[in-house]
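A structural walkthrough
Each chain, written out:
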Amino acid sequence: MSTPPPLPVTNQQAVQSQPPINTPAFRTFFSRLSTSIRDGLSQRRPWAELVTDALSRIRKNLAYFKVNYVAVI
């Protein structure tokens, strides 16, 4: 019976010697992403206003689509 071929093993030195992602495209992407997140968080509404608006929309939808909701149920 012959021995099976050896399994390939990654070279740890090669993995560690790779530089981190530091390209202009990556920096531009990360800058735009962080700006977008910062802008989105700065424009958020208070929770009370969000809940009030959601309840108002639910009431209007129930009144307008109640026949459809009954048909689905």
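The notes below deal with the structure included here. Note that this is a predicted model, so its numbers are computed, not measured.

1. Some details on the pattern of salt bridges
Under the definition given, this model contains 3 salt bridges. Linking E49 and R45 is a salt bridge whose minimum nitrogen-to-oxygen distance equals 3.8 Å. The class of R45 is partly exposed, set by a relative accessible area of 41%. The partner of R45 in a salt bridge is D53, and the shortest N-O contact between them spans 3.5 Å. D53 gets classed as partly exposed once you look at its relative accessible area, which sits at 24%. Here the residues in one salt-bridge network are R45, E49, D53 and R57, joined through shared partners.

2. A look at helix α3 (residues 47–72)
For α3, built from 26 residues, the straight-helix expectation of 38 Å at 1.5 Å per residue is missed by more than 12%, its first-to-last C-alpha distance being only 31 Å. Largest kink in α3: about 75°, centred on F65. A small share of α3 lies buried, amounting to 0 of its 26 residues.

3. Regarding the packing of aromatic side chains
The geometry of an aromatic ring pair comes down to the distance between the two centres and the angle between the two planes. Summed over all chains, the structure comprises 3 aromatic pairs. Taken together, Y64, F65 and Y69 form an aromatic cluster joined through their ring pairs.

4. Digging into a nonpolar patch on the surface
A surface patch of nonpolar side chains, about 710 Å² in accessible area, is lined by I21, F26, F29, F30, L33, I37 and L41. By secondary structure assignment, the location of F30 is in helix α2 (residues 24–42).

Rules of the game
Residues numbered from 1 in each chain as written. Predicted model: local features only at pLDDT ≥ 70, side-chain atom pairs only at ≥ 80, totals over all residues. Heavy atoms only, no water. Salt bridge = Lys/Arg side-chain N within 4 Å of Asp/Glu carboxyl O. Buried < 20%, exposed > 50% of the residue type's maximum accessible area, 1.4 Å probe, protein only. Helix = DSSP H or I, 4+ residues; strand = E, 2+ residues; numbered from the N terminus. Expected span 1.5 Å × (residues − 1). Bend = angle between axes of the 7 residues up to and from the residue. Phe/Tyr/Trp six-rings, centres within 6.5 Å; stacked < 30°, edge-to-face > 60°. Patch = residues over 30% accessible without salt bridge, like charges linked within 9 Å, V, L, I, M, F, W, Y side chains within 5 Å. Areas by Shrake-Rupley, 256 points an atom, 1.4 Å probe, with all protein chains shown as cover.

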